[in-house]
Structure formats: structure tokens, C-alpha cells
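Analysis of the macromolecular model
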Amino acid sequence: MKKLSELIKECRGKGISITEGNKVSKEYLVSRLAEFHLKRDQGGLQPLEQITPQLAKDIAELSEKEREEALRSDRFAAGEKKNGIRGILHIGSEGNRLTSRNRCANTYLLNELTDNVPHLKVLNLKDFEGSIFDGELYLPSEFVKLDAFVNALEATTALLHCSPEKAKEFQETGQRIHYHIFDVLKAEGKDLRPLSFKNRLQYLNEFKSYIKSLELNQFIEFEDLIFKDKEQYFKEVIKAGGEGIVLKDLEAPYFQGARSQSWLKLKRFNTVDALIIGYDRGKEWDKKGLIGSVELGIFDECGDLRSIGRVSSLSLQKRFGMTEVVEGIPTLKKEHLGTVVECRFQDLNKNLRGRHLQILSFREGQNAKPISECYLNLSNEKEKLTRVGIQIPDPVTERLIQFGDSGITSINFRSTED
């Protein structure tokens with residue numbers, strides 16, 4: 001996103017008035033710029049209402065007591081979380097149009113995805129004209145072959161952001177993107193967002209029956225809600241290879257654009273001990289002169305050292321403590337190379353790197369662990385890659401840590417900028 005000063009300058013250049021003397025936020029300025037572009041010609045199309053979707057809060061941010069209450073309370077229902085791209089479906093007189101949660105860099109309007117899902121665009125849904133739904137666009141297969149095999153999320157992202165011609169060509173011969181609906185915001189022009197989710201479900205079920213009656217449920221799906229045994233349901237979703245679940249407050253309205261506690265996401269995560277094998281230098285203004293991210297590694301079932309990704313979410317205090325300046329260059333202190341940390345990730349991508357990788361704690365003091373426990377069996381992941389023809393990534397070629405009878409005997413630094 002542009003700097004605040006750049007947005008102010010752009011607003012003034014377009015004649016958008018800003019109250020002098022009052023503090024303004026980036027979000028406010030972006031909304032004003034979006035309003036400006038919304039009034040301009042949209043190529044003959046009706047301008048779409050700009051709806052930024054409600055986001056779910058990570059249940060891990062709550063206290064243990066709050067987590068248990070949400071999982072056991074009759075007030076919350078659970079639905080499976082699909083691993084895709086968020087899409088708002090607008091049913092209008094011109095047909096069906098979809099927008100994402102991201103904005104165009106030039107117009108600040110929400111990116112329109114319509115032409116990249118032509119099979120959804122042309123569906124005859126005119127009986128529900130004026131309705132707006134919230135859902136997820138996704139591909140149901142685990143791996144999809146584009147120019148090469150990629151995971152489903154990468155493929156969905158590529159198809160929604162390439163040229164419409166290329167997206168259409170692939171979907172005519174390969175898999176088509178599905179739309180998984182889980183909420184309704186407007187019903188034939190009537191705003192349902194102030195209503196409770198329980199009341200919104202009544203209209204959503206009407207639309208679900210309509211889709212089924214027209215046999216259009218090949219590409220449009222609906223969330224199946226579970227009201228009891230939600231913990232067991234989560235385990236079943238994970239066992240089946242799913243991403244997780246979202247708990248939804250049946251009494252809550254739709255909080256547009258907010259990350260609300262009325263939606264709580266509970267996702268699959270793997271926890272493992274890893275060691276710091278490298279670093280890069282900070283580039284942002286608040287990290288200059290310090291290390292940026294640290295690279296984490298594990299030993300696989302063959303004893304090979306493998307990088308599982310980089311983590312940049314270190315506190316400023318931790319960065320200062322881990323950085324030393326050598327000949328004017330911020331460098332990771334030698335004593336921190338080989339440090340064992342407890343980390344978690346959601347799953348591994350085709351490069352065997354952890355998605356949403358986070359450091360939970362540093363294994364220090366009474367919680368200290370030896371490097372030998374930084375182990376992860378990757379045989380199942382390697383088998384999946386081999387099965388679809390994806391080459392297994394090479395391990396770290398340079399032996400960064402040498403072992404001796406007394407532990408580490410020599411260390412070589414791994415800097416991603418060397």
C-alpha cells in the first residue's frame with residue numbers, strides 16, 4: 001500500500017476534499033479514492049457495491065476458557081473452511097459478477113474476478129437478482145497441472161489473476177473453479193447484514209434449494225453446518241485432508257470488513273522443533289541495521305538437513321539481541337545459529353516449506369532441546385509429490401552444522417543475500 005503522504009497527494013490531485021487539521025487513516029483515504037473511481041464510467045457496466053468481506057479471528061488468540069466455550073456452546077455452529085480465494089457474488093441484471101477482498105492498485109476498487117470464471121458468470125440466477133453472497137473460490141483437487149503441477153491454492157490464485165482468455169481455456173479442458181457459499185448479505189435488494197446469522201440462514205437455505213432444483217450444484221456448493229460435537233467434526237475434517245473449520249456465532253450480524261470474534265477459525269497446524277540455519281537482513285525502515293527473517297531447518301527421515309521456511313515475526317527486542325554488526329553489515333550472532341525453536345505451520349507446499357510458519361518459543365533454559373530432536377518425517381509428502389510428477393526439492397546442500405562428540409564443532413553462516 002502507498003504511504004499516507006502519497007495517498008493524500010493523490011486525493012488532492014483528483015480534487016477529493018480532505019478536512020484540514022484532522023488526522024486521516026490510509027483506510028479512509030483509500031475509501032475516498034474508491035468512491036471517486038466508482039463514479040466514473042465502468043465500461044458500460046453498473047458499478048458494484050464495494051463489499052469487503054468479514055474475516056475470521058484465529059481461535060488461538062483467545063484464552064483457553066474462551067476457546068472451550070466457543071467449541072461447546074450451542075450459540076456457535078461449525079462449517080468446513082475451504083482453502084481458496086474469497087469471492088463476493090453479485091447477482092444483477094447484467095448477470096453474475098464476483099469481486100475479491102483485494103483492491104486494484106490504480107482504481108482502489110475491489111478486483112473483479114468475473115471474466116476468469118465464465119462458467120459461473122453465465123449461470124441463470126435471475127430469480128435472485130439483487131442478491132449478494134459471500135463464499136470461497138477453490139479447486140477441489142490437491143494438485144493441479146497448469147504449466148507444471150502446483151497445489152490447488154496456487155492454481156486457483158493463478159487462474160483468477162491470469163488473462164480471462166487463459167483462464168477460460170484451462171477451465172474448458174481441465175478443472176473448473178468451484179464456488180463454496182457460506183453467507184448471504186443481500187436478498188433481492190434487502191440488506192441482511194444487520195440480521196443475525198441464524199436469520200440469514202433462512203434465505204441462504206432458500207437459495208440452496210433453488211440451486212439444487214436447477215441442478216446447478218456442480219459448481220456452486222454450500223456450507224454444511226454442524227451444531228453439535230464440533231471438536232469431533234474438526235478432527236474428521238483434518239483426517240480427510242481438510243484445512244480446518246470456522247465457528248460462527250448464530251446470533252451475530254455480518255461485520256463487513258472486520259476481523260470479528262463472531263467468526264473463529266480453527267485450522268490444522270503441525271508443531272515441530274527446528275533449528276535456525278540462516279538469516280537475511282532487514283529491509284523495512286524499522287528493521288534496517290538488524291537481521292530481518294531467520295531461516296529454520298529440520299532433519300528429515302534420511303538425515304538430510306532441509307529448510308522449512310523463513311520467519312520474520314520477531315520482536316524488536318529479539319532482533320537487537322540476535323544481531324551484531326560485522327564490517328558495517330548486520331549479521332546473526334554466531335551463538336544463535338543452531339538455536340532450537342518450537343515452531344508451527346499449517347501444511348507443507350510443493351517445496352516442502354511450511355505454510356504460515358511461526359516461531360512459538362525459543363528452546364532455552366529448562367525447555368532447551370538438542371538439535372537431534374529437530375526431526376520431521378517427510379516420507380508421505382515426498383510420496384505425494386512423486387505421485388503427481390513433482391520433483392522432490394534438494395536438501396540444504398551446504399552442511400551448516402557439523403556434529404562432534406561434544407555437540408556442534410563448527411558452524412558456517414547461511415545468509416540469503418550472500
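Right above here is the structure, for reference.
Rules of the game
Residues numbered from 1 in each chain as written. Predicted model: local features only at pLDDT ≥ 70, side-chain atom pairs only at ≥ 80, totals over all residues. Heavy atoms only, no water. Helix = DSSP H or I, 4+ residues; strand = E, 2+ residues; numbered from the N terminus. Buried < 20%, exposed > 50% of the residue type's maximum accessible area, 1.4 Å probe, protein only. Contact = heavy atoms within 4.5 Å. Areas by Shrake-Rupley, 256 points an atom, 1.4 Å probe, with all protein chains shown as cover. Lys, Arg positive; Asp, Glu negative; His and termini not counted. Charge placed at Lys NZ, Arg CZ, Asp CG, Glu CD. Polar contact = N/O pair within 3.5 Å; in protein donor to acceptor, adjacent residues only side chain to side chain. Disulfide = S-S within 2.5 Å.

Let us look at the overall build of the protein. When helices and strands are counted, the protein shows ten helices and 22 strands. Its C-alpha atoms put the protein at 75 × 55 × 50 Å along the principal axes. Buried residues in the protein amount to 46% of all 418 residues. When contacts within the protein are restricted to residue pairs at least 6 apart in sequence, those whose partners lie at least 24 apart make up 67%. As displayed, the protein has an accessible area near 22,200 Å², and 47% of this comes from carbon and sulfur atoms. Looking at charge distribution, the protein has the averaged site of its 64 positive side-chain charges lying 3 Å from that of its 64 negative ones.

Our focus in this paragraph is the environment of Gln46. The topology assignment puts Gln46 in the loop between helix 2 (26-38) and strand 1 (55-58). Among the residues examined, Gln46 registers a relative accessible area of 52% and is labelled exposed. A C-alpha to C-alpha distance of 29 Å links Gln46 and Lys212, two positions 166 residues apart in sequence. Contact partners of Gln46, with chain neighbours within four places excluded, come to Glu94 and Arg97.

Turning our eyes to something else, we now look at the side chain of His178. Along the polypeptide, His178 turns up in strand 9 (residues 178-187). Only 2.7 Å separates the side chain of His178 from the side chain of Glu221, close enough to count as a polar contact. The contacts of His178, once residues within four sequence positions are left out, are Glu136, Leu137, Tyr138, Pro140, Gln218, Phe219 and Glu221.

Right, let's get into the state of the cysteines. A full pass over the atoms with the stated rule returns zero disulfides. Unpaired in this structure, Cys343 has its nearest cysteine sulfur neighbour in Cys374, at a distance of 8.5 Å. What makes Cys343 buried here is its relative accessible area of 0%.

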